[in-house]
Amino acid sequence: MIMKNERTAKIVGERLKEARKTAGYTQAKVAEIMYMTQQQYSRFENGVFELNYDQIIKLCQLLDITADYLFGLCEI
């Protein structure tokens, strides 16, 4: 797993939510694209579950963001 602490999980969740909304997607649509339920995806945005490498790559591509941005290492 990638995330090591609650602060990182919170940053990732906030960035996912912001990027998803900017891209015009609902949680349900992102979940469908990611082959998961909306509830499962919601847990990523809420910092409850951690993303794996493949999920990070797919979400970054889908939402047109970098992994650095996702993890709070830079701004857009």
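As a reminder, the structure under discussion sits directly above these lines.
Overview of the structure.

**Considering the overall build of the chain**
In step 1: Within the chain, the secondary structure is distributed over 5 helices and 0 strands.
In step 2: Of the regular secondary structure in the chain, the N- to C-terminal order runs α-α-α-α-α.
In step 3: At 11 Å, the chain has a C-alpha radius of gyration in line with the 11 Å of a compact globule built from 76 residues.
In step 4: Taken along the three principal axes of its C-alpha coordinates, the chain extends 25 × 25 × 20 Å.
In step 5: Buried positions account for 38% of the 76 residues belonging to the chain.
In step 6: Long-range contacts, defined as pairs at least 24 residues apart, comprise 57% of the intrachain contacts of the chain with a sequence gap of at least 6.
In step 7: Per element, the accessible surface of the chain, about 5,000 Å² overall, is 50% carbon and sulfur.
In step 8: Considering the chain, the positive charge centre built from 10 side chains and the negative charge centre built from 10 side chains are found 4 Å apart.

**Focus on helix α4 (residues 53-63)**
In step 1: Burial in α4 covers these residues: Q55, I56, L59, C60 and L63. Here the buried residues of α4 occupy an arc of 130° about the axis, which is enough to place them on one side. For α4, the exposed residues set more than 90 degrees away from the buried face come down to Y53, D54 and Q61.
In step 2: In this fold, the buried residues of α4 make contact with α1 (6-23), α2 (27-33), α3 (38-45) and α5 (67-70).
In step 3: Its side-chain oxygen at 3.0 Å from the backbone nitrogen of D54, N52 defines the N-terminal cap of α4.
In step 4: In the segment just after α4, D64 is the residue with positive phi, at about 55°.

The rules behind the values
Residues numbered from 1 in each chain as written. Predicted model: local features only at pLDDT ≥ 70, side-chain atom pairs only at ≥ 80, totals over all residues. Heavy atoms only, no water. Helix = DSSP H or I, 4+ residues; strand = E, 2+ residues; numbered from the N terminus. Rg over C-alpha atoms; globule rule 2.2 N^0.38 Å. Buried < 20%, exposed > 50% of the residue type's maximum accessible area, 1.4 Å probe, protein only. Contact = heavy atoms within 4.5 Å. Areas by Shrake-Rupley, 256 points an atom, 1.4 Å probe, with all protein chains shown as cover. Lys, Arg positive; Asp, Glu negative; His and termini not counted. Charge placed at Lys NZ, Arg CZ, Asp CG, Glu CD. Arc of directions from axis to C-beta. Polar contact = N/O pair within 3.5 Å; in protein donor to acceptor, adjacent residues only side chain to side chain.

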